[in-house]
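Remarks on the overall topology
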Amino acid sequence: MAWSANFDDFNIDDNWPSPAQPQLDFYVQVIIGVVLAKEEPRAIPSKKNPGTELYLVSFTLRDSPVDFINATCWGNELHIQQVAELFHIGDIVEICNAQIASKPSDGSDERFRPWTPSLYQLNISENHSTVKLYGGWSVDKYYSLQSIPIKASNDFYTLGDIIANGQNLHNAVVNLLAVVRSVGSPKDIVTKNKKHLKRCEVKLLDETCLSFPLVLWSIEQVILAQSWTTQDQVIFVADARVNYDDYKKCMVATATSKTIFILNPDTREAHSLYTFAQSVDTSEDDLKEMLDVANSEIDLNTITNVYNLEQLKAKVEPTNEGGTDLGITYAYVTNFDIDGETEKVIARRCTKCRMRLEKNKLSCSNQNCPLGFLNDDTMEVDYDMQFDMGLTLSDCTGSMHYCRAYGSVVEKMLGCTADEFQKYDDKKKTQLKWKFLLEKCKLYIKVTLPRFDRPNTLTRILDCQVANPQEALVNQR
Amino acid sequence: EAVDTKLYKPVQPDTSLKILTATIEGMKHWSQYKKDIPLIFEIYAHLDSAISSTPDNLGKTFEMKDCKQRILCTFYEIDRPLPRLIRGQLLRCVGSLNNDGTTFKCVSVRPALDLEKKVIQQNIAAADRSMRKIVAQIKKSQL
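In this report, the structure presented in the accompanying data block is examined. What you see is a predicted model; the values in this text were computed from it and never measured.

**Overview of the side chain of Ser16(B)**
One can find Ser16(B) in the loop between helix 1 (2–7) and strand 1 (18–22). At a separation of 3.1 Å, a polar atom in the side chain of Ser16(B) contacts the side chain of Lys313(A). Discounting residues that sit within four places of it in the chain, Ser16(B) has contacts with Lys313(A), Gly398(A), Ser399(A), Ile37(B) and Pro38(B).

**Things to note about the nonpolar core**
Grouped together as the largest cluster of nonpolar side chains are 40 residues, with contacts concentrated most on Phe336(A), Phe387(A), Met389(A), Leu414(A), Phe421(A) and Ile461(A). A per-element tally of this core places strand 18 (residues 383–395) of chain A first, with five residues. In this view, Phe336(A) contacts Met389(A), Leu391(A), Met413(A), Leu414(A), Leu432(A), Lys433(A), Phe436(A) and Leu437(A); residues no more than four positions away in its chain are not counted. The next biggest cluster of nonpolar side chains, apart from the first, holds 31 residues, and it includes Ala22(B), Met27(B), Ala45(B) and Cys106(B).

**Section: the pattern of salt bridges**
Two side chains with opposite charge may pair up if their charged atoms get near one another. The tally for this structure, following the rule as stated, stands at 26 salt bridges over all chains. Asp239(A) is the partner of Lys151(A) in a salt bridge, and the nearest nitrogen-oxygen pair spans 3.1 Å. Highlighted residues: Lys151(A) in the loop between helix 2 (139–143) and helix 3 (159–165) and Asp239(A) in strand 13 (residues 234–245), separated in sequence by 88 residues. Asp239(A) carries the same exposure label as Lys151(A), and that label is buried. Through salt bridges that share partners, Glu439(A), Glu42(B), Arg92(B), Arg110(B) and Glu116(B) make up one connected network.

**A short note on unusual backbone geometry**
All names here are of chain A. One non-glycine residue, Asp239, lies in the positive phi region at around 60 degrees. One non-glycine residue, Tyr402, lies in the positive phi region at around 55 degrees. Taking the relative accessible area as the measure of exposure, Tyr402 reaches 67% and is therefore exposed.

**Comments concerning the interface of chain B and chain A**
Contacts between the two partners involve 26 residues from chain B, matched on the other side by 22 residues from chain A. For the pairing of chain B and chain A, the buried interface totals around 2,000 Å² over both sides, and the portion due to carbon and sulfur atoms is 52%. If you sort the residues of chain B by the area they bury against chain A, Ile19(B), Asp79(B) and Leu115(B) come out on top, with a joint share of 25%. Taken together, the connections running from chain B to chain A amount to five salt bridges. Measuring nitrogen to oxygen at the nearest pair gives 2.7 Å for the salt bridge that ties Lys313(A) to Asp14(B). Counting across the interface, chain B meets chain A through 14 residue pairs in polar contact (both at pLDDT 80 or more). Among the secondary structure elements, those contributing two or more residues to the side of chain B that touches chain A are strand 1, strand 6 (90–97), strand 7 (103–111), helix 3 (114–117) and helix 4 (120–142) of chain B. No other element matches the seven residues that helix 4 of chain B contributes to the side of chain B that touches chain A. Its residues assigned to classes, the side of chain B that touches chain A shows nine nonpolar, six polar and eleven charged.

**Description of a nonpolar patch on the surface**
Residue and element names in this part refer to chain B. On the surface, a nonpolar cluster with roughly 360 Å² of combined accessible area is contributed by Leu58, Tyr76 and Ile78. Its place among the elements puts Tyr76 in strand 5 (residues 70–76). Taking the relative accessible area as the measure of exposure, Tyr76 reaches 35% and is therefore partly exposed.

**Overview of helix 10 (residues 426–436) of chain A**
If you check which residues of helix 10 of chain A are buried, you get Lys429(A), Thr430(A), Leu432(A), Lys433(A), Trp434(A) and Phe436(A). Contacts made by the buried residues of helix 10 of chain A are with strand 16 (324–335), helix 8 (407–414), helix 9 (418–423), strand 20 (440–448) and strand 21 (458–466) of chain A together with strand 7 of chain B. Just downstream of helix 10 of chain A lies Leu438(A), where phi reads positive at about 65 degrees.

**Examining the packing of aromatic side chains**
Applying the stated criterion to the full structure yields eight aromatic pairs over all chains. Here the aromatic rings of Phe59(A) and Phe87(A) are separated by 5.0 Å at their centres, their planes lie at 75 degrees, and the arrangement is edge-to-face. Placement of the pair is Phe59(A) in strand 3 (residues 53–62) and Phe87(A) in the loop between helix 1 (77–86) and strand 5 (92–96), with a sequence separation of 28 residues. A relative accessible area of 1% means that Phe59(A) is categorised as buried. With a centroid separation of 5.6 Å and an interplanar angle of 70 degrees, the aromatic rings of Tyr134(A) and Tyr142(A) are classed as edge-to-face. Among the residues examined, Tyr142(A) registers a relative accessible area of 9% and is labelled buried. Over the aromatic face of Trp434(A) sits the side chain of Arg80(B), whose NZ or CZ is 3.6 Å from the ring centroid.

Conventions used here
Residues numbered from 1 in each chain as written. Chains lettered and ligands numbered in written order. Predicted model: local features only at pLDDT ≥ 70, side-chain atom pairs only at ≥ 80, totals over all residues. Heavy atoms only, no water. Helix = DSSP H or I, 4+ residues; strand = E, 2+ residues; numbered from the N terminus. Polar contact = N/O pair within 3.5 Å; in protein donor to acceptor, adjacent residues only side chain to side chain. Contact = heavy atoms within 4.5 Å. Core = buried A, V, L, I, M, F, W, Y, C linked by side-chain atoms within 4.5 Å. Buried < 20%, exposed > 50% of the residue type's maximum accessible area, 1.4 Å probe, protein only. Salt bridge = Lys/Arg side-chain N within 4 Å of Asp/Glu carboxyl O. Buried area = accessible area lost by both parts, 1.4 Å probe. Nonpolar A, V, L, I, M, F, W, Y, C, P; charged D, E, K, R; others polar. Patch = residues over 30% accessible without salt bridge, like charges linked within 9 Å, V, L, I, M, F, W, Y side chains within 5 Å. Areas by Shrake-Rupley, 256 points an atom, 1.4 Å probe, with all protein chains shown as cover. Phe/Tyr/Trp six-rings, centres within 6.5 Å; stacked < 30°, edge-to-face > 60°. Lys NZ or Arg CZ within 6 Å of the ring centre and 35° of its normal.

So, to be careful, I would describe these as geometric facts and stop short of saying anything about function.
Next comes the structure, spelled out in structure tokens:
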């Protein structure tokens, strides 16, 4: 996707100076700007002194709504390491005495770096130039540059466009405008040639698609993504690569060294997208993701810690962040409403996309369902039924609400599948209910603590059986 | 000023529903706090009367006796009948005390299991410990 916009697309504020030609004759020259993109430090073999290596770190600097430029710091390994740790994407830096060089006209310079409107590039050498964090007063002016578009505000693909184009867009470089739905935790990856990488998967959403993966591979981009607030952050991703993932069987976007993120752009498109995102309820999907994780088996024999509910509740205090905890508790089941509405006990899920069907509906409301755009209210989908219910547990220290029990766990408790259960009459259901209700049970619990992108604690029951009274005494130390 | 009172506020007691194993006497004692905390009791006592219908004819009523006290019990057969019980049998009943403290409204009634009988005292002790702690917290927070 080539640059197709004019600078006239930007409404330039009168406060901004008009783009000026760089002054080449200053002896002490200072350039201040906000870092739009940054790569990790690397080494290349030196041409001058064969056998030695040159160390460098590249970044992109912006100092006006229309000007940004690529810069490269050169030096020995330690110096480059220090420069690389000094600042990250979004920081404001001050550069003294950079060497201003012309860009090669054939575009070879920007094959692996962001495209810039400047005819020049900056070389920052260890001996003649300095880089430091900006300490002046005009911080807001520079920070705001992170939100000014660098491409025409309508020059992007919606997520639905990418899915619809599918493999036609394989390996294309496109712009995206989307809301951050979730930011996954970064994973360390070692490649075949022993290179250490960070991988972080961000889920995007817009009006056409509720979940689309964007994969980040660079540490700098991962650091940036960790600051994104979910469902509040609109990002314009300039020059991301999209390709068809054979493993996931879907389209995926990847941020490359050419990619620039513009945060919360002040455009009509971005504002309308933000308003849309505030109205979307993604909690059901979170549950679905949790289920996928839950399906990986946990060996109950490895769980030995016993907690009473007071201790268990202390674990889920909002002060704790992230992570999961496993434990055993002996408690009374005080809410086990299985002879009421079936909807509260059994979830009907679309066999194609696993999305829960709405009450009294036979159609799938998921816009991303592989059944695609054919989805409408009249189209009945195949679904399967699985137990999915919330229990309340109580003991002499208190109660814990909304403990979820799914699928096979409930099948084991009740001794029947969801399909069979649905056919039981009320008498039989009531009989099954009183097997557990107000009885002291031994419960294996998994607590998933809240993360910044998922504010709720998830308490999941892994196993529930009526307790041996003697064994349950260990709860009362 | 609002900030100040917040800063010095003692720990908020956990006032979620609690299930306490208790003697009949214990149940009457702890029920004085039921305006502060919802409480459900698990009582082990002997059936000490015949089973008859309640005056409104909608439920069953009987009396239970433990080592110190006796209590009138009711059970409304909302979704299931009262199981067959034998006078003199040790029962395990779960429910709550009505407001005037005269009737134990049971929602679950069944004969006690042999294994349960051995651990009643320990369960009562644990519930007492837990209640003493929470009552102390409640009194502190009401100061």
